[in-house]
Amino acid sequence: MSSLSVISGKTSEEIARKLSKKIKANLVKSSIKIFPDGESKITLSGKISKKKSIIVQSIYPPVDSNLIQALSLISKTKEISSEVITVIPYMGYARQDREFLPGEIVTMKVLAKLFKSVGASKIITVDVHSLIGFNYFTIKSKNVTAIPDLVKYFKKLSLKNPLVVSPDQGGKERAREFAREFDLDFIALHKKRDRKTGKVKIITKNVDEVNGRDLILVDDMISTGGSIINATQFLKKQKCKRVFVACTHALLMNDAERKIRKAGVTKIVSTNTIPGKTSLVDISNTIAKAIK
Ligand code: R5P
């Protein structure tokens, strides 16, 4: 038996299975029963290593249940393993990394306390919304990027004179990295979000360089689809050709996918940090490298 174990949370079974094979670890599966009142009962099957364990559990909706499942997995594993590496491929609650409006609670600060108190030795995430939140962590933390994996996928598509576009200035560095990896140019639009309603609008005026070109809109995540829809509608008015979307985490809440396609997006490509119809890119290899 391996001296390493991978504990598969229910939200990240594919990544956990692939990761355990890649790093030759013993796979410990979890099964979940949700009680009528919403509580999770978690049962593990398999042998947890006394030396080192790697837990994999994304925190996508239902975020509160999936967070408590992650904390429970860490807590139980720590009773057996001396080292507990926790991989949170999609880190929910990471957007509230500062007090935007007075009185708002910084949930990343809360997560930092929780992960430490249940016994995590190290946290690994993929394209966390912003690195500011990691400043609250007193245990080791590492963020890895899925951009090279996404670029590899896009290189296989036949695109016409492609240009990389960030829907906002906050994603400029991400778009720059995507463009550099692909050897393309990039631009970043200006987006304004109403902090109270959450509604977004594009305030960029004209971008002549998109005319007649295929565009790759790069973002870390899609939630309601508002950012992508607004950017696409704007770019279509600027007479671009096709619009593709590359994102790490596709939450696609409610009917976001339908609305995005209606806005004119040809294809949405995301990773398996959140499994779904658009998760065409596997990031288990990138996670395996981060663990070594
Ligand atoms: C915002 O700063 C993020 O990078 C995403 O653009 C945003 O969270 C996506 O959310 P939505 O799909 O609701 O616009």
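Residues numbered from 1 in each chain as written. Predicted model: local features only at pLDDT ≥ 70, side-chain atom pairs only at ≥ 80, totals over all residues. Heavy atoms only, no water.

1. Considerations on the site of the ligand
Near the ligand you find 14 residues, and of these Asp 219, Asp 220, Thr 224, Gly 225 and Ser 227 are the closest. One nitrogen or oxygen atom from the side chain of Thr 224 is found 2.5 Å from an oxygen atom belonging to the ligand. Breaking the shell around the ligand down by element, the ones donating at least two residues are strand S10 (191-193), strand S12 (215-222) and helix H6 (226-237). (Near = heavy atom within 4 Å. Polar contact = N/O pair within 3.5 Å; in protein donor to acceptor, adjacent residues only side chain to side chain. Helix = DSSP H or I, 4+ residues; strand = E, 2+ residues; numbered from the N terminus.)

2. A closer look at the sheet that holds strand S9 (residues 186-188)
The parallel open sheet is built from six strands, whose spatial order is S9-S8-S12-S13-S14-S15. The open sheet is flanked by S9 and strand S15 (279-281), the only strands paired with a single partner. Between one strand and the next, the sheet's axes are offset by a mean angle of 35 degrees, whatever the strand orientation. Across the sheet, helix H4 (residues 147-155) lies against S12, strand S13 (243-250), strand S14 (265-271) and S15, angled at about 140 degrees from S14, the strand it touches most. Against the sheet, H6 engages strand S8 (163-166), S12, S13 and S14, with an angle of about 165 degrees to S12. (Pairing = 2+ DSSP bridges. Axes fitted to C-alpha atoms, helices over the stretch in contact; angles between N-to-C directions. Contact = heavy atoms within 4.5 Å.)

3. Concerning a negative patch on the surface
A surface patch of negative charge is lined by Asp 183, Asp 185, Asp 208 and Glu 209. For Glu 209, the position within the fold is in the loop between strand S11 (200-202) and S12. (Patch = residues over 30% accessible without salt bridge, like charges linked within 9 Å, V, L, I, M, F, W, Y side chains within 5 Å. Areas by Shrake-Rupley, 256 points an atom, 1.4 Å probe, with all protein chains shown as cover. Salt bridge = Lys/Arg side-chain N within 4 Å of Asp/Glu carboxyl O. Lys, Arg positive; Asp, Glu negative; His and termini not counted. Charge placed at Lys NZ, Arg CZ, Asp CG, Glu CD.)

4. What to know about the domain arrangement of the chain
Here the chain is partitioned into domain 1 (4-145 + 282-291) and domain 2 (147-272). Centre-to-centre, using C-alpha coordinates, domain 1 lies 28 Å away from domain 2. At the junction of the two partners, domain 1 supplies 16 residues and domain 2 supplies 16 residues. Summed over both sides, the interface of domain 1 with domain 2 buries roughly 1,400 Å², with 55% coming from carbon and sulfur. On the domain 1 side of the contact with domain 2, Tyr 90, Asp 127 and Thr 145 bury the most area, a combined 35% of that side's loss. On inspection of domain 1 and its partner domain 2, the count reaches zero salt bridges. Counting the contacts that link domain 1 with domain 2 gives nine residue pairs in polar contact (both at pLDDT 80 or more). (Domains from an automatic or database assignment. Buried area = accessible area lost by both parts, 1.4 Å probe.)

5. Quick notes on the nonpolar core
Within the largest apolar cluster, 26 residues are counted, with the highest numbers of intra-cluster contacts made by Val 165, Leu 189, Val 210, Leu 217, Ile 222, Leu 235 and Ile 260. Elements that contribute at least two residues to this core include exactly S8, S12, H6, S13, helix H7 (256-262) and S14. The greatest single-element share of this core, amounting to five residues, is contributed by H6. With near-sequence residues (within four places) excluded, Ile 260 lies in contact with Ile 222, Gly 225, Ile 228, Ile 229, Leu 252, Val 265 and Ile 268. (Core = buried A, V, L, I, M, F, W, Y, C linked by side-chain atoms within 4.5 Å. Buried < 20%, exposed > 50% of the residue type's maximum accessible area, 1.4 Å probe, protein only.)

6. Things to note about the packing of aromatic side chains
Taken as a whole and assessed by the stated rule, the structure comprises six aromatic pairs. For the pair Tyr 153 and Phe 154, a centre-to-centre distance of 6.1 Å together with 70 degrees between the ring planes defines the contact as edge-to-face. Each member of the pair, Tyr 153 together with Phe 154, is buried. One aromatic cluster is present, formed by Tyr 153, Phe 154, Phe 178, Phe 182 and Phe 244 through successive ring pairs. Note that Arg 195 overlies the ring of Phe 100, its terminal NZ or CZ placed 4.0 Å from the centroid. (Phe/Tyr/Trp six-rings, centres within 6.5 Å; stacked < 30°, edge-to-face > 60°. Lys NZ or Arg CZ within 6 Å of the ring centre and 35° of its normal.)

7. Topic: the pattern of salt bridges
Pairs may arise between side chains of opposite charge once their charged atoms sit close together. Applying the stated criterion to the full structure yields 13 salt bridges. One salt bridge connects Asp 255 with Arg 258, and the closest N-O pair in it is separated by 2.7 Å. For Asp 255, a relative accessible area of 29% translates into the label partly exposed. Put simply, Glu 257 and Arg 261 hold a salt bridge, and the shortest N to O gap is 2.8 Å.

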